[in-house]
Amino acid sequence: MTAGSDSVLELLPMVFAAPNEALAQAREVLAADPSPLHASIAHQVIGIWQRDFGDTRLALTHLRRARDLAARADSADREADVLATLGVALVHTGRTRQGLAAFERGVARGTGHTRARVLYRRAYAWWVLGHHREALEDVRRAVPVLRQADDVIWTARALTLRATVHLALGAVERAEADFAAAEALWETTGQEHDKADAVESRGLAAFRSGDIPAALRLLDEAEERYAKLGTPTFMLNIRRCEVLMAAGLAPEALAEADAAIRALDGIGGQSTRKAELLLAAARAARLAGDPKTATERAALAVRLFAGQRRTWWETHARLVLLEARYAAGRGSGRLVADAAAVAERLASFGAPAAPEASLLAGRTALSLGRRADAERHLAAAARGRRSGPPPARVTGWVAQALRARAAGSTRGVLEACRRGLDVLDDHRMTLGAPELRARATEQGAELAALAQRASLARGGPRRLLVWSERWRATALSAPPTRPPADPVLLSGLTAYREIAARAEEARREGRPVPALEREQRRLEREVRSRTLHMRGEAPGDGHRFDVGRLLRRLGDEVRLVELAVVDGRVHVLLCGQGRVRRFEAGLLAEAEREAEHVQAGLRRLAHPGAGARLPLVEAAGRRLQELLLGPVADRLGPGPVVVVPPGRLHRVPWALLPALRERVVSVSPSASSWLRARETAPPSGGRHVLVRGPGLVSGGAEVPELAARYGRPTVLEGDAARVPRVLRELDGAALAHIAAHGTFRADSPLFSSLRMADGPLIVHDFEHLARSPYRIILSCCDTARFASVGADELLGLVTALLPLGTAGVVACSVPVNDAAVVPLMVALHKGLAAGLSLAQALRDARAALPGDAVHQATGWAFSAFGAA
């Protein structure tokens, strides 16, 4: 390209179609001794590139040069256009006053079509600054002129901006209409960067309308488009952080925001984007339970926004700062006043976050005993409970519940909690991924806790049981959303399995694995991303837990023990013989510590020679019983016992507790889950499947003996024990026994796995089954470990199977001795063949083991889940 070519004029639209190519051609123009007009264009193109994708200091240098050259070229419209670009860059570097002055000169110098473009860019600057009404006014003036000039590109940009401003003001329907109109225009152009931005904008609109799976899908698509163009994605990072937080993935949002801040600092990028990323990081840290980090990030964001004269943004950052201080225990009269001032200012902006600030002011006033102030602020926050996106309505119902509690109305508290959790239920049903369903419940944790406190104070044990069930393992109660027949997802799972198998082989052989591990992590992100895109299909059925139905199913012999935790204290709800009774036990924190001691003891007892520790483990079991069962240990009767612990106590080896050691004991995530398992009918045909994976110390020695016991079962071992074949055979089986190494992934529970011949069989694989086995026995380590997420939800292998049709599982919560597992499994299957349930057969199998410490510890490590 030469400086004299008319194609120099094409560089400006090219910078948003093919940014890197435009940059290279602009540099070529400058190397060819161009005229002032063409040099002005080239410097402007480089300035835009540096402003949006590089170093803002270099951007200002090039744009000021472009402005001076435009003046030398004696082109008022050229000068106006550069002034507008310079104004945006100045605003992004925090020089707000200079930026607005540049826009004033640009509007004065430009005419007609050029002035409309200047007005559009000033509207964009107003949006960055949080002056939404001014932004809408400039867009209103610009759009008719751009349309009249048949300027498709700039009209589409103006419509996209107007939609974005509408979203900031909570006008989702107006925003969606503008986004749709803009996208139709973009499809007629070759503006690839703008097209990617349009997809990103649709993701934002989907998020604002409450469709988190669609938002994640569209943002991922936008990222792919940006990656092809080789351009940074800081605005997309900010938006994805918002969506991740709404999905209950605050730690991931914090990691993404911090990584983007480091990348932005590395290139000397826009200070406005840095402030926005700091705000996103502060919000994420607060939601992740890290008030110290939240305070640090929010305070820095406040300072940056203030220096940039971005009052709208500064006020939002102040809200997060106040919320972080409250979470750190720094409630005070000053905080009430500050939160009230923030609420008033947010309301004046028309910001949807105003009720959050009012809730904070009311909550703090309530904690200080200032009832009148609390009522005023909570009433303001409660007004948002009937409209807006689900999180905003949940906030409103929290405020209403706090108002009722302050007024002493138990009925009012429970009604507000019920209505708020109904909103959350409807929202969860739009989510297809089990992980998102589980994590979304965190938004209802306070409502559930308020209801439990009210039930404990004024209601009977039945009411406390109902509210304990209302928020426990709710993600397991909904029909699962089957993953779509997505070839990309399926190929990703296959590739992940292959890479994981290669990495495992390399570790065994002592070869380096960093490259394989990096690829494995990349494929994990890809698989997880695809699953999070799933949208829920099943509407809420209005089902509510029925205490009478539970008691009828339990009859006179079976006891169900549900452990409800209220303000850190364990309350034992003993159900059976047609009634529910409540007893107090110990503190949850103490029980968790004791459970960790027990787990550590069982891990040591898996190795021969550690028998001297057996009395210590048994003593810890006695202390654990006192903390978890209290007086109920003597009131269980002689029959079977079902234990329903909170999520944080699911790793307890219940058979170790003295009162349960000789009993038929099963564990369930909730009473509702136990009822569903109890009423699940076994499949016809009665197929038995035995699977033996590689690398077991015992070689899975129980499998040949079990094969002989069952006659003609399906046996998969060696090269036949490959994941696709294993899944086909497991689908709809009556009984499956899998002897394979198990690995629990605390960092990503749905990648917990069983090792097959071709690599790991992960939780995501089981989700593709039409019906998981009616009974499944996992004779391997760590298969009964879970991650406790959300309000009181569990993510792991066992909890993935229960909603898919499995009525009973036997699994292990700690590493065990492989050799000692063999006689336990043989005895267990002997009981099943005699017609016993899993829990009965496991009880008898423990009793049949040798009396040494290794075998006893092995028996205690296994639990029966469900009711089959």
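Caption draft 1: Structural detail: the overall build of the protein chain. When you go through the protein chain residue by residue, the secondary structure sums to 38 helices and 16 strands. Taking 29 Å as the expected radius of gyration for a compact globule of 868 residues, we find that the protein chain reaches 31 Å, a close match to that expectation. Principal-axis analysis of the C-alpha atoms places the extent of the protein chain at approximately 100 × 70 × 45 Å. A buried classification covers 60% of the 868 residues belonging to the protein chain. Contacts spanning at least 24 positions in sequence make up 69% of the contacts within the protein chain whose residues lie at least 6 apart. Taken as two groups, the 118 positive and 97 negative side-chain charges of the protein chain have centres that lie 5 Å from each other.

Caption draft 2: Broad picture of the pairing of strand β2 (residues 569–576). For β2, a buried count of seven out of eight residues is recorded, marking the element as mostly surrounded by other parts of the structure. Judged from the seven bridges that link them, strand β1 (residues 559–566) and β2 form a sheet pairing that is antiparallel. Bridging from a neighbouring strand, V566 pairs with R569 of β2. The turn linking β2 back onto strand β3 (residues 579–587) is made up of two residues, and Q577 within it adopts a positive phi angle of 55°.

Caption draft 3: Looking closely at the nonpolar core. Formed by 102 residues in total, the largest nonpolar core has its most connected members in W654 and L754. What L754 contacts, discounting residues up to four positions off in sequence, is I738, A740, H741, G742, G759, P760, L761, F766, L778, C780, T783 and L797. Membership of the second largest hydrophobic core comes to 67 residues, among which are W126, A168, F305 and L335.

Caption draft 4: Summary view of the pairing of strand β12 (residues 775–778). Neither face of β12 is open: one carries R775 and I777, the other I776 and L778, and all of them are buried. Across four bridges, strand β8 (residues 735–739) lies against β12 in parallel orientation. Opposite A736, over in β12, you have I776 as the bridge partner. As judged from the three bridges shared by β12 and strand β15 (residues 808–812), these two strands associate in the parallel manner. Paired with I776 across the strands is V809, a residue of β15.

Caption draft 5: The arrangement of the sheet that holds strand β10 (residues 753–756) in detail. The strand order across the open sheet built from three strands is β9-β10-β11, with neighbouring strands paired in antiparallel fashion. Two strands in the sheet have a free side with no partner beyond their single neighbour: β9 (742–743) and β11 (759–762). Against the sheet, helix α26 (residues 487–508) makes contact with β10 and β11, and its axis sits at roughly 130° relative to β11, the strand it touches most. Sitting on the sheet, helix α33 (residues 723–730) touches β10 and β11, and the angle it makes with β11 is about 30°.

Caption draft 6: Summary view of the side chain of E562. Summarising the element assignment, E562 is placed in strand β1. Look at E562 and you get buried, because its relative accessible area is 0%. A distance of 2.8 Å separates polar atoms of two side chains, one belonging to E562 and the other to S468. Leaving out residues up to four positions away in the same chain, E562 has contacts with L465, S468, E469, R472, H571, V572, L573, V644 and A671.

Caption draft 7: Expanded view of the pattern of salt bridges. Applying the stated criterion across every chain yields a total of 62 salt bridges. Across the pair R470 and D425 runs a salt bridge whose closest N-O atoms are separated by 3.0 Å. With R470 in helix α25 (residues 461–470) and D425 in helix α22 (residues 410–428), this pair connects stretches of sequence that are 45 residues apart. A single network of salt bridges, built from pairs that share partners, joins E415, R418, R419, D422, D425, R428 and R470.

Caption draft 8: Structural detail: unusual backbone geometry. Despite not being glycine, D33 has its phi angle at roughly 55°, a positive value. Positionally, D33 belongs in the loop between α2 (19–30) and α3 (36–53). Exposure remark for D33: the relative accessible area of 70% places this residue in the exposed category. Despite not being glycine, R309 shows a phi value in the positive range, around 55°. Tracing the chain through its elements places R309 in the loop between α16 (291–307) and α17 (311–327).

Caption draft 9: View of the environment of E662. By the secondary structure assignment, E662 is in the loop between β4 (641–644) and β5 (665–667). Among the residues examined, E662 registers a relative accessible area of 61% and is labelled exposed. Sequence separation between E662 and P638 is 24 residues; the distance between their C-alpha atoms is 9.9 Å.

Caption draft 10: Geometry of the packing of helix α8 (residues 132–148) against helix α9 (residues 152–168). At a minimum axis distance of 9 Å, the contact between α8 and α9 shows a crossing angle of 155°. Between α8 and α9, the interaxial angle falls into the category roughly antiparallel. The way α8 lies across α9 gives a crossing that is left-handed. Where α8 abuts α9, its residues H132, A135, L136, V139, V143, L146 and R147 lie against W154, T155, A158, L159, L161, R162, V165, H166 and A168.

Caption draft 11: Just the packing of aromatic side chains, in detail. Applying the stated criterion to the full structure yields six aromatic pairs. With a centroid separation of 5.9 Å and an interplanar angle of 75°, the aromatic rings of W49 and F53 are classed as edge-to-face. You can see W49 and its partner F53 sitting in helix α3, four residues apart, about one turn around the helix. The same class applies to W49 and to F53, which are both buried. Relative to F751, the ring of Y496 has its centre 5.3 Å away and its plane inclined at 65°; by these criteria the two rings are edge-to-face. One end of the pair, Y496, is in helix α26; the other, F751, is in the loop between β9 and β10, and 255 residues separate them in sequence. Note on Y496: relative accessible area 3%, which makes it buried. The structure contains a cluster of three or more aromatic residues connected by ring pairs, namely F305, W312 and W313. The aromatic ring of W154 is capped on one face by R157, whose charged end is 4.8 Å from the ring centroid. The side chain of R385 reaches across the aromatic face of W397, ending 5.2 Å from its centre.

Caption draft 12: Examining α8 more closely. With 17 residues, α8 should reach 24 Å at 1.5 Å per residue; the first-to-last C-alpha distance of 25 Å fits that figure. At A142, α8 shows its largest kink, close to 25°, and the proline P144 lies no more than four residues downstream. Among all positions of α8, only H132, A135, D138, V139, A142, V143 and L146 are buried. For α8, the secondary structure elements touched by its buried residues are α7 (112–129), α9 and α17.

What counts, and where the lines are drawn
- Residues numbered from 1 in each chain as written.
- Predicted model: local features only at pLDDT ≥ 70, side-chain atom pairs only at ≥ 80, totals over all residues.
- Heavy atoms only, no water.
- Helix = DSSP H or I, 4+ residues; strand = E, 2+ residues; numbered from the N terminus.
- Rg over C-alpha atoms; globule rule 2.2 N^0.38 Å.
- Buried < 20%, exposed > 50% of the residue type's maximum accessible area, 1.4 Å probe, protein only.
- Contact = heavy atoms within 4.5 Å.
- Lys, Arg positive; Asp, Glu negative; His and termini not counted.
- Charge placed at Lys NZ, Arg CZ, Asp CG, Glu CD.
- Pairing = 2+ DSSP bridges.
- Core = buried A, V, L, I, M, F, W, Y, C linked by side-chain atoms within 4.5 Å.
- Axes fitted to C-alpha atoms, helices over the stretch in contact; angles between N-to-C directions.
- Polar contact = N/O pair within 3.5 Å; in protein donor to acceptor, adjacent residues only side chain to side chain.
- Salt bridge = Lys/Arg side-chain N within 4 Å of Asp/Glu carboxyl O.
- Parallel < 35°, antiparallel > 145°, perpendicular 65-115°, else oblique.
- Left-handed = near helix turned anticlockwise from the far one by under 90°.
- Phe/Tyr/Trp six-rings, centres within 6.5 Å; stacked < 30°, edge-to-face > 60°.
- Lys NZ or Arg CZ within 6 Å of the ring centre and 35° of its normal.
- Expected span 1.5 Å × (residues − 1).
- Bend = angle between axes of the 7 residues up to and from the residue.

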